[in-house]
Amino acid sequence: MTLRIASTINKEKENFLVLAGVGLTEAPSIGMWKETTRMSLMQNAIQNLTEIPTCPRLRTLFLPSNHLGTVSNNFFHSMASLRVLILSYNRSLENLPLGIFNLVSLQHLDISWTGITTLPIELKYLVNLKCLNLEYTFRLSRIPQQVISDLKMLRALRMFECGFNVELEADSILFGDSEVLVEELLVLKHLNLLTITLQSFGALQRLLSYCRLGSISTQCLCLRHLNNSNSLSVFAFASLRHLRTLQLYFNDLEELKIDAGELKRIREICGFHSLQKVFYKILKIEARDMACTCSQYQACPRGLTKFEEHPLKRLECAELKELPLDCNHGLEQKIIIKGQEHWWNELQWDDLSTQNAFLPCFESLY
């Protein structure tokens, strides 16, 4: 609707083509592209982009939520003015066309929630790119070296759960402990927004030690392959003032403690004013009693009391019997804990008032 209104206001300067959600199975005919400046074909069923349009004035192209599988290598050949390209939610899209390097004016590229398996080396030639969204590209196994670091104008980089469900290729910056990835990020002098998945605690420490970290808004962080040898302190995340989502994957864990005194000091210094979601997943637990404390709900600033869900369903441990949760400091609303009913019934509580501060949400499977 906004595009339609805009097209009536700027008839002389802009030519909008909006065919969103109308059931298209093919892209509009080539003739419709020629004078178009902004086009939205989102929420259709377009499968292939094989014809080569001539559209030198096109500046915005929306193609999310289609069924794209094939995009011709020459499809972008005559789109030198294109600034925004949205290809998200095309789960069958496995490859970007090599001709993407023709998009010399591109500033925003969104390929989140696609089936992309590798980024072409040609992506490095998009020197004007300011925003790159690779979130939830679970099958992305390869990002060649110096592709990300050569995008010198990047201001926003989203890589949360990027390459999450595949075996990473050895020549990819995602491979190994993620320290190569972090080193490439540190080259980006204009970067101010980041979401990321890291494969080691060392990579996180390197990122946190970067002197410019305070100027980067890290909104989502996923940290994998944690184990007992890692000294996990809540202070490690205290400098991430804009953190909204924290996701922690432990290979093994006997004890996880979050000291209320630490949290009190953090509240006095800065606090987690933006944090909304915290996920823990523990792949292996050998100890029968694990102190998995949610003390952050005691001593954090008021911003944290908006938490609605603490998904302990991620704890794959039938032996977990005690959750030392404390409601003495009060909550604005109850916290939901997900798990199996028999597990919940066997939990041990210090007192009834603490138990009543939390609501169970029973599920059949973790």
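One can find the structure itself at the top, above this paragraph.
Numbering of residues starts from 1 in every chain and runs along the sequence as written. It should be noted that, the model being predicted, local features are given only for residues of pLDDT at least 70 and side-chain atom pairs only at 80 or more, the latter also being counted only at that level, while totals for whole chains, interfaces and linings use all residues. Only heavy atoms go into the side-chain values, all of them from the structure, while hydrogens and water stay out.

Novice: What should I look at first to understand the overall build of the protein in this one?
Specialist: Where helices and strands are cited, they refer to DSSP runs of H or I of at least four residues and of E of at least two residues respectively, numbered from the N terminus. On a plain count of helices and strands, the protein comes out with seven helices and 16 strands. A buried classification covers 50% of the 366 residues belonging to the protein. Note on contacts: a residue pair qualifies if any of its non-hydrogen atoms lie within 4.5 Å across the two residues. Taking contacts inside the protein between residues at least 6 apart in sequence as the whole, the part at least 24 apart equals 58%. All accessibility values rest on the Shrake-Rupley procedure with a 1.4 Å probe; residue burial counts only the protein chains present in the view. Here the protein displays about 17300 Å² of accessible surface, and carbon together with sulfur accounts for 48% of that area. Each residue is assigned to one of three classes by its accessible area relative to the maximum for its type, calculated with a 1.4 Å probe on protein chains only: buried under 20%, partly exposed between the two thresholds, exposed over 50%.

Novice: When you look at the packing of aromatic side chains in this model, what are you seeing that I'm missing?
Specialist: For Phe, Tyr and Trp, rings pair up if their centres lie within 6.5 Å, where Trp contributes its six-membered ring, and each pair is then called stacked (planes under 30 degrees apart), edge-to-face (over 60) or tilted (otherwise). For the structure shown, the criterion picks out seven aromatic pairs. Residues Y89 and W113 carry aromatic rings whose centres are separated by 5.6 Å and whose planes lie at 10° to one another, so their mutual orientation is stacked. In this pair, Y89 is assigned in the loop between β6 (84–86) and β7 (108–110) and W113 in the loop between β7 and β8 (131–133), connecting sequence segments 24 residues apart. According to the relative accessible area criterion, Y89 is partly exposed, its value standing at 38%. You can call W113 partly exposed: its relative accessible area is 23%.

Novice: Before we go on, may I ask you to explain helix α3 (residues 201–208) in this structure?
Specialist: Count 3.6 residues to each turn of an α-helix, and residues three or four apart come out pointing the same way. Inspection of α3 places F201, A203, L204 and L207 among the buried residues, and these make up the whole buried set. Mapping the buried residues of α3 onto a view down its axis gives an arc of 160°, with all of them on the same face. Structurally, α3 contributes buried residues whose contacts are with α2 (179–185), β10 (193–198) and β11 (217–226). Our arc is simply the arc of the directions from the helix axis toward the C-beta atoms.

Novice: I tried to follow the pattern of salt bridges on my own but got confused; where do I start?
Specialist: It is possible for side chains bearing opposite charge to pair when their charged atoms get close. In the sections that follow, a salt bridge refers to a side-chain nitrogen of Lys or Arg positioned within 4 Å of a carboxyl oxygen of Asp or Glu. Per the counting criterion, the structure on display carries eight salt bridges. Measuring nitrogen to oxygen at the nearest pair gives 3.5 Å for the salt bridge that ties R57 to E35. Here R57, found in the loop between β3 (48–49) and β4 (60–62), pairs with E35, found in the loop between β1 (16–18) and β2 (38–40); they are 22 residues apart in sequence, far enough to count as distant. Judged by its relative accessible area of 33%, R57 falls in the partly exposed class. Notably, a salt bridge pairs E94 with R139, separated by 3.4 Å at the nearest N-O pair. In this pair, E94 is assigned in the loop between β6 and β7 and R139 in the loop between β8 and β9 (156–159), connecting sequence segments 45 residues apart.

Novice: Looking at this structure, I do not really get the pairing of β9. What am I missing?
Specialist: On a regular strand, one side chain projects to one face of the sheet and the next to the other, so that they alternate. Strand pairing is defined by DSSP finding a minimum of two bridges between the two strands. Relative to β9, β8 runs parallel, the two being bridged by three bridges. Paired with N133 across the two strands is R158, which belongs to β9. By the bridge criterion, four bridges tie β9 to β10 in an arrangement that is parallel. Residue pairing in the sheet places L157 in a bridge with L194 of β10.

Novice: Before we go on, may I ask you to explain the nonpolar core in this structure?
Specialist: Taken as a class, soluble globular proteins show a tendency for nonpolar side chains to be buried jointly. Core analysis: the largest hydrophobic core is formed by 70 residues, its most contacted members being I143 and L198. Sorting the residues of this core by element identifies β9, α2, β10, α3, β11 and β12 (245–250) as the ones contributing at least two each. Here this core takes four residues from α3, the largest share from any one element. Excluding its chain neighbours within four sequence positions, the residues that come into contact with I143 are L119, L134, I148, M159, C162, D171, S172, I173 and L174. For the purposes of this section, nonpolar cores are sets of buried Ala, Val, Leu, Ile, Met, Phe, Trp, Tyr and Cys residues that join through side-chain atoms within 4.5 Å.

Novice: Any chance you could explain the environment of P97 here in plain terms?
Specialist: Counting through the fold element by element, P97 comes out in the loop between β6 and β7. By relative accessible area, P97 is classed as buried at 2%. C-alpha separation for the pair P97 and E122, spaced 25 residues apart in sequence, amounts to 9.4 Å. Apart from residues lying up to four places away in sequence, P97 is in contact with V71, S72, N73 and F76.

Novice: Explanation requested: the pairing of β12 in the structure shown.
Specialist: Among the six residues of β12, six are classified as buried, and the element is accordingly described as predominantly covered. Where burial is concerned, the two faces of β12 agree: the one with T245, Q247 and Y249 and the one with L246, L248 and F250 are both buried. Where β11 meets β12, five bridges bridge the pair, whose relative direction is parallel. Each bridged residue has a counterpart across the sheet, and for L226 the counterpart in β12 is F250.

Novice: Is there a simple way to explain the side chain of E135 in this structure?
Specialist: Topologically, E135 is positioned in the loop between β8 and β9. Positive charge is attributed to Lys and Arg, negative charge to Asp and Glu, and no charge count is given to His or to the chain ends. For the buried residue E135, which engages in no salt bridge, the nearest side chain bearing the opposite charge is R158, 4.1 Å off. Aside from chain neighbours lying at most four places away, what touches E135 is S112, W113, R158, M159, F160 and T195.

Novice: Mind showing me how you'd approach the environment of C222 here?
Specialist: Tracing the backbone shows C222 in strand β11. With residues up to four places along the chain from it excluded, the contact list for C222 reads F160, F164, I196, T197, L198, Q247 and Y249.

Spatial relationships are all this shows, so hold off on functional conclusions.
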